[in-house]
Amino acid sequence: MPDKRPNWLRWLLVKLGVAKAAPSDTYRTVYVNHFQRHLPPAGAPADPNQHNLLPLHQQKPLPHRLSSASAAAQGSLSRANAALPAAEEKYPDNRIVSSKYTAWNFLPKNLFEQFRRIANFYFLCVGIIQLSIDSPVSPVTSIAPLIFVVSVTAIKQAYEDWLRHKADLQVNNRSVRVLKDGQLQRVQAKHIQVGDIVYVVDEHKFPCDLVMLASSNDDGRCSVTTANLDGETNLKVFRCSPATQALQTVEALSALRATIQCEQPTTDLYLFRGRLLIHSDRELNASTPYMTSLSQQNLLLNGARLKNTRFVFGCAVYTGQQTKMALNSVYTSKNKWSTIERGMNEFLGFFLLLLLLEVAVCTGLKYWLTAQPRGHPWYSPLPQDPETRVTAKGVIQDVFAFLVLFNYIIPISLYVTLELQKFLGAKFLVWDVELFDKERNLPAKVNSSDLNEELGQVEYLFSDKTGTLTENDMIFRKCAVGERVFGDVGGRLMEVFEGNTQDYLVDLTEPELQRFMLLLVLCHTVEVSQVPLLPTSSENLKGKGRRKGRSFSDESMRLRHAKGEVFYEGASPDETALVLACRRYGVVFKDHKDGHHVVSYLGEESRYEVLRVLEFDADRKRMSVVVRLDEYRVVLLVKGAETAVLPRVTAGDVERMQRHVDAFAQEGLRTLVMAERQMGNEEWIAFLDDLNEASNLLVDRETRVREVYEDLESNLTLLGASGVEDRLQDGVAETLEALRVAGIRSWILTGDKQETAVNVSYSCGHFKKSMLELHLTKCEDVSTCETLLQTMRQTMIQQEADRENCLVVDGASLKLAWEHHRTLLRDVAMGCVAVLCCRMSPIQKALIVRMIKDSPKHPITAAIGDGANDVSMIQEAHVGLGIYGKEGRQAARAADFSFGRFRMLSKIFLVHGHWYYHRVATLVQYFFYKNLAFITSQVFFAFFSAFSAQTVFDGVYLTFYNIIFTSAPILAFGLFEQDVPSPLLQAQPHLYSLNRRNARLSVREFATWNLLGVWHAVVFFFGFYCLVSPNGVLDRSGQNYDMWTFGTAVFTTIILVVNLKILLYARHWNGFLLGAVLISFLAFLTVSLLYNAAVWKNMVSPDMYWVFFVVFANPSMPLCILLLVVAALLPDVILQVLETSQLRSAFLKPFLDWRPTLPMRKWSPRSFSLEGEMEKNSRLAVRSRYHGPALSMATTADSGNSGTVSLSALGQQARYRAHSPSPEPPADDGGLVGHPHPSTVHFLPLDAAPAPRIVAT
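Residues numbered from 1 in each chain as written. Predicted model: local features only at pLDDT ≥ 70, side-chain atom pairs only at ≥ 80, totals over all residues. Heavy atoms only, no water.

A separate point is the overall build of the protein chain. A count of helical and extended segments in the protein chain gives 38 helices and 39 strands. In the protein chain, which comprises 1257 residues, the share counted as buried stands at 52%. Here the contacts in the protein chain between residues at least 6 apart in sequence split such that 75% fall between residues at least 24 apart. Of the roughly 56,800 Å² that the protein chain leaves accessible, carbon and sulfur atoms contribute 57%. (Helix = DSSP H or I, 4+ residues; strand = E, 2+ residues; numbered from the N terminus. Buried < 20%, exposed > 50% of the residue type's maximum accessible area, 1.4 Å probe, protein only. Contact = heavy atoms within 4.5 Å. Areas by Shrake-Rupley, 256 points an atom, 1.4 Å probe, with all protein chains shown as cover.)

There is a patch of nonpolar side chains on the surface, built from Leu357, Val361, Phe943, Phe944 and Tyr1025 and spanning about 450 Å² of accessible area. Sorting the residues of the nonpolar patch by element identifies helix H11 (339-370) and helix H29 (904-944) as the ones contributing at least two each. Tracing the backbone shows leucine 357 in helix H11. (Patch = residues over 30% accessible without salt bridge, like charges linked within 9 Å, V, L, I, M, F, W, Y side chains within 5 Å. Salt bridge = Lys/Arg side-chain N within 4 Å of Asp/Glu carboxyl O.)

Axis separation between helix H13 (residues 414-431) and H29 bottoms out at 11 Å; the angle between their running directions is 165°. Here H29 runs roughly antiparallel to H13, going by the angle between their axes. Crossing of H13 against H29: the hand is right-handed. Together, Leu414, Thr417, Leu418, Gln421, Gly425, Ala426, Phe428 and Leu429 of H13 and Ile908, His912, Tyr916, Arg919, Val920, Leu923, Val924, Phe927 and Phe928 of H29 make up the contact between the two elements. Its residues assigned to classes, the contact of H13 with H29 comprises 12 nonpolar, four polar and one charged. (Axes fitted to C-alpha atoms, helices over the stretch in contact; angles between N-to-C directions. Parallel < 35°, antiparallel > 145°, perpendicular 65-115°, else oblique. Left-handed = near helix turned anticlockwise from the far one by under 90°. Nonpolar A, V, L, I, M, F, W, Y, C, P; charged D, E, K, R; others polar.)

All right, on to helix H24 (residues 811-820) then. Burial in H24 covers these residues: Gly811, Ser813, Leu814, Leu816, Ala817 and Trp818. Elements that come into contact with the buried residues of H24 comprise strand E31 (772-776), helix H23 (782-798), strand E32 (805-810), helix H25 (822-830), strand E33 (834-838) and helix H26 (842-853).

Once that is clear, we can look at the confidence of the model for the protein chain. On average, the protein chain scores 77 in pLDDT, and the residues at 70 or more come to 77%. Across residues 532-563, confidence stays below pLDDT 50; counting only partners more than four residues off in sequence or on other chains, it has 51 contacts. Confidence drops under a pLDDT of 50 for residues 1149-1257, and excluding neighbours within four residues, the segment shows 186 contacts in the predicted structure. (pLDDT = per-residue confidence, 0-100.)

A word on a negative patch on the surface. A cluster of acidic residues, Asp689, Asp690, Glu693 and Asp711, forms a negative patch on the protein surface. Assignment of secondary structure puts aspartate 690 in helix H19 (residues 681-695). (Lys, Arg positive; Asp, Glu negative; His and termini not counted. Charge placed at Lys NZ, Arg CZ, Asp CG, Glu CD.)

Let's shift gears to the packing of H11 against helix H12 (residues 392-406). Packing of H11 against H12 leaves a shortest axis separation of 9 Å and a crossing angle of 135°. Comparing their axes, H12 and H11 come out oblique. You can see that H11 and H12 cross each other, and the crossing is right-handed. Facing H11, whose interface residues are Leu355, Glu358, Val359, Cys362, Thr363, Lys366 and Tyr367, H12 presents Gly394, Val395, Asp398, Val399, Phe402, Leu403 and Phe406.

Glancing now at the pattern of salt bridges. In this structure the tally under the stated criterion is 42 salt bridges. A salt bridge links aspartate 437 to arginine 440, with the nearest nitrogen and oxygen atoms 2.8 Å apart. Arginine 440 matches aspartate 437 in its accessibility class, with the two residues each being buried. In this structure, a network of salt bridges that share partners links the residues Arg622, Arg648, Glu710 and Glu713.

Okay, the packing of aromatic side chains next. Under the counting rule described, the total for this entry stands at 50 aromatic pairs. Taken together, a centroid distance of 5.8 Å and an interplanar angle of 45° make the contact between tyrosine 957 and phenylalanine 1084 tilted. In this pair, tyrosine 957 is assigned in helix H30 (residues 955-965) and phenylalanine 1084 in helix H35 (residues 1071-1092), connecting sequence segments 127 residues apart. Accessibility classification places tyrosine 957 together with phenylalanine 1084 in one group, the buried group. Counting every residue linked through ring pairs, the aromatic cluster contains Phe934, Phe953, Tyr957, Phe960, Tyr961, Phe965, Phe1051, Phe1084, Phe1108 and Phe1112. Here the guanidinium or amino end of lysine 1061 rests over the ring plane of tryptophan 1009, the centre of that ring lying 5.0 Å away. (Phe/Tyr/Trp six-rings, centres within 6.5 Å; stacked < 30°, edge-to-face > 60°. Lys NZ or Arg CZ within 6 Å of the ring centre and 35° of its normal.)

On to the state of the cysteines. Counted under the stated rule, the structure contains zero disulfides. Considering cysteine sulfurs only, cysteine 479 is the nearest to cysteine 582, which forms no disulfide, with 9.1 Å between them. (Disulfide = S-S within 2.5 Å.)

Most of strand E25 (residues 622-628) is tucked away, with six of its seven residues classed as buried. Summarising the sheet, strand E24 (residues 604-614) and E25 pair through five bridges and their orientation is antiparallel. Residue pairing in the sheet places valine 613 in a bridge with valine 625 of E25. Across seven bridges, the pairing between E25 and strand E26 (residues 633-640) is antiparallel. In the sheet register, methionine 623 faces E26, and the bridge partner there is lysine 639. Count of turn residues in the E25/E26 antiparallel hairpin: four residues. (Pairing = 2+ DSSP bridges.)

The subject of this paragraph is the pairing of strand E19 (residues 500-505). Successive residues of a regular strand alternate their side chains across the two faces of the sheet. Examined bridge by bridge, strand E18 (residues 492-497) and E19 share three bridges and lie antiparallel to one another. By the bridge assignment for E19, phenylalanine 497 is matched with asparagine 500. Turn length for the E18-E19 hairpin, with the two strands adjacent in sequence and antiparallel, is two residues, and the turn residue glutamate 498 shows positive phi of about 50°.

One open sheet holds the six strands; their spatial order is E3-E2-E4-E13-E5-E11, and the pairing between them is antiparallel. The open sheet has two edge strands with one neighbour each: strand E3 (183-188) and strand E11 (299-300). Here strand E5 (residues 209-215) runs beside E11; their pairing, made up of two bridges, is antiparallel. Pairing of leucine 210 across the sheet is with leucine 300, part of E11.

Counting through the fold element by element, aspartate 896 comes out in the loop between helix H28 (890-894) and strand E36 (897-899). Within the structure, aspartate 896 has its side chain in polar contact with the backbone nitrogen of glycine 880 (distance 2.8 Å). Filtering out sequence-adjacent residues up to four positions away, aspartate 896 remains in contact with Lys336, Lys445, Val446, Asn447, Ser448, Leu451, His878, Val879 and Gly880. (Polar contact = N/O pair within 3.5 Å; in protein donor to acceptor, adjacent residues only side chain to side chain.)

Printed below as a string of structure tokens:
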């Protein structure tokens, strides 16, 4: 029955999850070229000349027609679409809006967002209170700083939004060609509507999300690069529907009458469900339409660029803000808060309580003093007078008066200064030439400057392996075919017998080898890279102008193509490596034409018809290609992980192949297993019918298609296996060692085999021979998992205190431990200095990070990766780090910080992280200190003014104290301070641990800073009070100093001490810091002179006239100010001396005589060329790299002394072997490990003593 509920109620129930969305809310119907607008009214006579506009009957029949079975599977959706409406749905236009504000909503929206901050809202309330009561100071003193802070932030955000508006206009107003009225017309991109047929030529971007209808290639394929979407620079192949691939002319497309039914837009770039229905009759629903399925292979995304294809036609299905790129531009992941921000909020809470306490005490003492019969002020009414009665209004007035007077204890400019410091400070990481990736010509990038200081707090680092620790540059090394093993030697394939390479070439004409090589050259998605094409002129398709993007590399490629050289573009480096290896051996994949792979096998060219490609996905862990052998037979070629292929093999020696795969993995090679299945035409047609029916579903399509794939990829015949090498990146071993010394525990989370991952862990120094190796692997039940974990914990408790442990976990065992023994797993893992998790899924990576992040101590975590499978753990960690990957930039886009190489992590953590944290922590402490030192003098004055709420400082000083007189030096400190030089931080990584656990914002540090602030306030106030009170110091005219003179002298001392204190705490004096301090002094002097030299009528009080000159007219006052400055800063000097001495004795004693061996260059943030700096830096570089011995994991049965231990638990028996491996071979450098910093060499002792390892068997 139709849903009769109101639309608003139905919408609310869907949002709450109570009701399901109607099919029309989940899917949309798109009329291609808006053909329904030209349909005659119902019942009109048919025009015989217009009856069959679409020449479908001259084409091949479509692979599937809408059947009753398919309609039944669709349920209500098919019934809803049984009669398509003639009216077109309303969709947004193609206008892109990335800006946040408009001219009419900027002011209210921006103000609302800014006053959501507690500090801004607090000062707004104070300003309102000042306007509503008889305020002791002018409301300007609170409102003016608030307006300044809000205005600076608003101007910054307005400028950023203006830049976004400019970019939007450029995109929206670009010219595109759309099919209208039977011809191509130029329109602005923003005017494209859903249903328009858009024409796109080579090297141009797609203006919206298009369902591909036809291309210049006869087989309906086109090449696309999606670097603007996901960062992947390799070419991807997209296809149009077979039903429309022949419609390559404007006339044919104008006659097309079709509808597209597809899901509503989603953020998933790699998922699209839809179907194309082609109507061949005059009436829209006069007959059952031809139907074919649509998937992500048919959808051309907005922002992607057409490559090596002259033109394509596509129908717009998602436009404007509903394109997948626009939906993905809104970042929806969880907000991350730095440790310092959380500590800062606690400090704000403390000072708010302190403010309320001061207000309550002063208000109470005022009424207590007024009630005393003796000693009350002569100018106040007597206690018995009626006007001295306590009333609620009077109490509220006094409370608000003291609140206004003491509110400056909260630093109003803290947020804006911190925001500027983080934003500008992030530029130094981007400008660092040592973090510039020369291979990709990319500097480091900061996506979230709010987390700069978290780089100095990391305790756990979770790293991917492939592409992060390794190059992700695959080289074919070995393969196994049947019982034989072959290896690549100098680009030639030779047999390996009992570990020895034979000196003769392999005969590739042997049937077994030929089948294996043909599988390698046919089962892939690699494309032959073509020379970039220019669109050609034709009668119907005319284009003017030179193609953009033409470069010298294009011409170079054209010349190399002319010589017969073939170039490959692949989505996976593994696939490309296998195809390149085949080319070296004379089996060349030459091209893909008209649905055929063209292969030259030892000079003999053949064509193989590709019937279907079942692409790789993370669930199946394999890919397949269906190829026709002859008129009666087809063959399914499969390759994938051994865990996904070997269980499906029914013919072949599985155990022997498993041994080959394990042997390859122990050598550190990435392995794949190859198999095939031959079938007849009838079997293939039956599968195709099932697949077509599943593909045409709009509901649960993926589940049904996966089931069909599972049925097809079974009963396989084993052919062989391959081993591909992925080299370690330079500097990985040194970086991991430096992080270990810094106290950062490294975990490697990978999807590779256990043997491969363990070998890489040893070769990169993640595992060491001296560590006790614990294995939580191959657990098939809960009891075995628990027994292993309990045994490991007992072993860790009983072992020596200085013994280090490492842990190996696989995905299946992790799943059991996570579900049943999560706490025990966490305790064992956190007791190890290094952990390796293999065969991990992306969600398991995120769960591991969450487990450590949510542990009782809540350590700060960082995650680093390079691929889409690492995004979940990167977003889960406190700090997300992305590597510019060769397979894509998803990780770099989702990360908080991105860069080119793993070795750069050493400087990012040890140098930039240390500096960022030290700067920001000091900035926060300093802001609270300077406001406490300033306003406490006002609290003291209340005791000497009978709690009359009289201010001792003039309103101008109150207004400018935070925003002018004291803001510049701390900002310069926050940008340029270097408490320890960069070479020393990298040479001594353990200095990183000084700031562990937010040490500089601890209770002790907070108390020290603020007790010094109270001491300074005591010196400021009582120093001058003692000077003035006994004899009432006279000026030259014979008059005593009044209250304003006293306040001005105190304020002058405050400005001097507060600004000099930052110089005292700075370890790196530079021109910016000294200039900022000087500017602050000059600003205070200029404002005081101008303000005191004249009477500013109707603007400010005349009480301050000539006061500043009176203060310095008496020689004793400057001398007193100097004396008080020294007295105030004396404890700071003592503490700094003690701290420096402790640092030197505890950490720097071995380096007191340290001197850099190369000249140190001073850096300034001037404009410079990154390439020039890189050249100068490379001339100075002295890099001692550690290339450890090639380590391979031998099985415990082959070497060493071993003993067997049997344990029984829960009725199950587990056996363990204790194995003592041979000692690590001595290093070539005499036991010294070189540090990667270009101007220093880091010396560390090598670990030696071997230790047993516990493994489950």
